[in-house]
Amino acid sequence: MQYFSTRDRSSVVSASGAIAQGLSAEGGLFVPASFPQVDVQAVCRLSYPEMAAHIVGKFLTDYSSEFLAQATAATYGDAFAGKAGHLEPVADGLYSLELWHGPTCAFKDYALQLMPKLLVQAKKNLGRTETTLILVATSGDTGKAALDGYHDVPGIQIAVFYPNNGTSEIQRLQMSTQLGENVAVYAVNGNFDDAQTGVKRVFGDKEVARQLAERNIRLSSANSINWGRLVPQIVYYFAAYAQLLNAGRIAMGDKVDFCVPTGNFGDILAGYYAKRMGLPVGCLVCASNENNVLTEFLTTGTYNARRPFYKTTSPSMDILVSSNLERLLYHMTEDNAKVAGWMKSLMQDGSYTVDADVLARIRESFACGCANSEEVAAEIRTIYQTSGYLCDTHTAIAFKVAREYQVAHGGNAMVVLSTASPFKFPCSVLAALGEEAPQNDFEAMKQLQAATGVCAPESLASLDGKTERFNTVIDPMDIAKVALSY
Ligand SMILES: *Cc1c(COP(=O)(O)O)cnc(C)c1O
């Protein structure tokens, strides 16, 4: 399988090349040249690691099947407590795909526990021996998941940048207490978009690349702009379908809708790839918080990032520039020049508008909706009271949007992607249940356990009292300096 850039079809690389490089030289994102087809019925009989090896292998054709079988078995076994891709029934025709049973309690573990293995092997495949410096911009969850995946991996250094005061206290502590010789964490003045733009600027800076090359260091990315982040996420759409099928809740070929709490458009785009690979996906419903730039885009065709930025109770979705949408635009148009033009307009004017026929094509597969923080709190309470199901703030957005979609369009089974453990955001969840929430996240965690009888994940509870290793705050412009300090 070959990959080329969304902005330039002549930038062709192998899967290893796409994973090692992250971003294409002219700033575009790598996309696969075709959509491999999958025998859904056969795949539904596989265990999660086997399914992962099969589906990932369809795209990563320059990796051996032995390597992928071993890597997926090592990744999706014990680390996910036997609950990789676990689907939980919540209400009639409504399911929660619990993606937070991994080590850092967010769905990003699915990609970031596997990606270090893929990157090390990519370098071997390409015959490269340099040090890889991974720069990560995070709204909270990617940072920790990347640190956990990459710490002490030979040949790799990782620096994480998160918005100062833009994450939950638990998320911040997860990062600042990270062990490992090759890790560094920085708070950046500004919001997530400032951090992401700052990191992207360094990736595009030829002088930085030249100076690092002199020291045998090459930059790479662990954000969902990297193809290696997306491909492992395709697997759990198949796993959800398999569980519905094997439990007799659907028949083979029945369409299933998915509702995805969305920020950078990576998770939901993986669902689109699953659909193009032959999985019977009905609608992909894009759920947003108050930063509802995608709701507006999917409704009007205009992407307008020039708008107020809201800090919400779902910080991992506080994003105005949704990078992976670029890949969808390419697949919808197969027109590099057009996509490059829109991205240029986004960069220069903060907005772009797609043609009516492009929007119509997108809307054949995608629907959208949004929820504000009050509605999120009400949804957490409603789902808990009516179904006894406890969910986090991000997942609650998707539940609200999914239930509205079901009322309007009903019919298919609806799977909500549950992206984080409720104990990552204990103050917001506790307050939503109508309890007086303490200021301290660990007190809130204990109270949430007491109120619901649900146990907090050990990896979060044990953060209390751990030594913090990182406390540096920098400006976005200083990200280049950090890179050059290696
Ligand atoms: C990252 C994240 C999201 C958004 O996922 P995207 O792939 O960026 O759209 C949603 N919920 C949680 C908890 C996250 O960590």
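No experiment lies behind these values; they were computed from the predicted model shown.

Trainee: For this particular structure, what's the right way to read the site of the ligand?
Mentor: Around the ligand, the surrounding shell holds 15 residues, and the nearest of these are Lys108, Asp141, Gly263, Asn264 and Thr419. In this structure, Lys108 approaches the ligand through a side-chain N or O atom, which is 2.5 Å from an oxygen atom. Measuring from an oxygen atom of the ligand, one finds a backbone N or O atom of Gly263 at 2.8 Å. Protein chains bury 98% of the 380 Å² of accessible surface belonging to the ligand in isolation. Per-class residue counts for the shell around the ligand are 5 nonpolar, 7 polar and 3 charged.

Trainee: Where do I start with helix 14 (residues 325-333) in this structure?
Mentor: Because an α-helix packs 3.6 residues into every turn, residues spaced three or four apart end up facing the same way. The element helix 14 is extensively covered by neighbouring structure, given that 9 of its 9 residues are classed as buried. All of the buried residues in helix 14 are Leu325, Glu326, Arg327, Leu328, Leu329, Tyr330, His331, Met332 and Thr333. Downstream of helix 14 by a residue or two, Glu334 has a phi angle that is positive, lying close to 50°.

Trainee: Is there a simple way to explain the packing of helix 11 (residues 227-246) against helix 12 (residues 266-276) in this structure?
Mentor: When two helices pack together, you describe them by how their axes are tilted relative to each other and by the distance separating the axes. Interaxial distance between helix 11 and helix 12 falls to 8 Å at its minimum, and their mutual angle equals 60°. Handedness of the crossing formed by helix 11 with helix 12: right-handed. Every residue of helix 12 that contacts helix 11 at Trp227, Leu230, Gln233, Ile234, Tyr236, Tyr237 and Phe238 is listed here: Gly266, Asp267, Ile268, Leu269, Ala270, Gly271, Tyr273 and Ala274. When the residues that make up the contact of helix 11 with helix 12 are grouped by side-chain class, the tally is 11 nonpolar, 3 polar and 1 charged.

Trainee: Quick question: what am I supposed to make of the environment of His151 here?
Mentor: Structurally, His151 can be placed in the loop between helix 7 (141-150) and strand 7 (156-163). Each C-alpha atom, one on His151 and one on Asn182, is 6.2 Å from the other, the two residues being 31 residues apart in sequence. For His151, the contacting residues outside a window of four places in its chain are Gln178, Leu179, Gly180, Asn182 and Val183.

Trainee: How should the packing of aromatic side chains be read in this particular structure?
Mentor: Describing an aromatic ring pair means giving the distance of the ring centres and the angle of the ring planes. Scanning the entire structure with this criterion turns up 25 aromatic pairs. Judged by centre distance (5.2 Å) and plane angle (70°), the rings of Tyr48 and Tyr76 are edge-to-face. Note that Tyr48 is positioned in helix 3 (residues 48-59) and Tyr76 in helix 4 (residues 65-76), a separation of 28 residues in sequence. Residue classification places Tyr76 among the buried residues on the basis of a relative accessible area of 4%. Measuring from ring centre to ring centre gives 5.2 Å for Phe59 and Trp227, while their planes differ by 75°; the resulting arrangement is edge-to-face.

Calculation criteria
Residues numbered from 1 in each chain as written. Predicted model: local features only at pLDDT ≥ 70, side-chain atom pairs only at ≥ 80, totals over all residues. Heavy atoms only, no water. Near = heavy atom within 4 Å. Polar contact = N/O pair within 3.5 Å; in protein donor to acceptor, adjacent residues only side chain to side chain. Areas by Shrake-Rupley, 256 points an atom, 1.4 Å probe, with all protein chains shown as cover. Nonpolar A, V, L, I, M, F, W, Y, C, P; charged D, E, K, R; others polar. Buried < 20%, exposed > 50% of the residue type's maximum accessible area, 1.4 Å probe, protein only. Helix = DSSP H or I, 4+ residues; strand = E, 2+ residues; numbered from the N terminus. Axes fitted to C-alpha atoms, helices over the stretch in contact; angles between N-to-C directions. Left-handed = near helix turned anticlockwise from the far one by under 90°. Contact = heavy atoms within 4.5 Å. Phe/Tyr/Trp six-rings, centres within 6.5 Å; stacked < 30°, edge-to-face > 60°.

Everything listed here is a matter of coordinates, which is why it stays silent on function.
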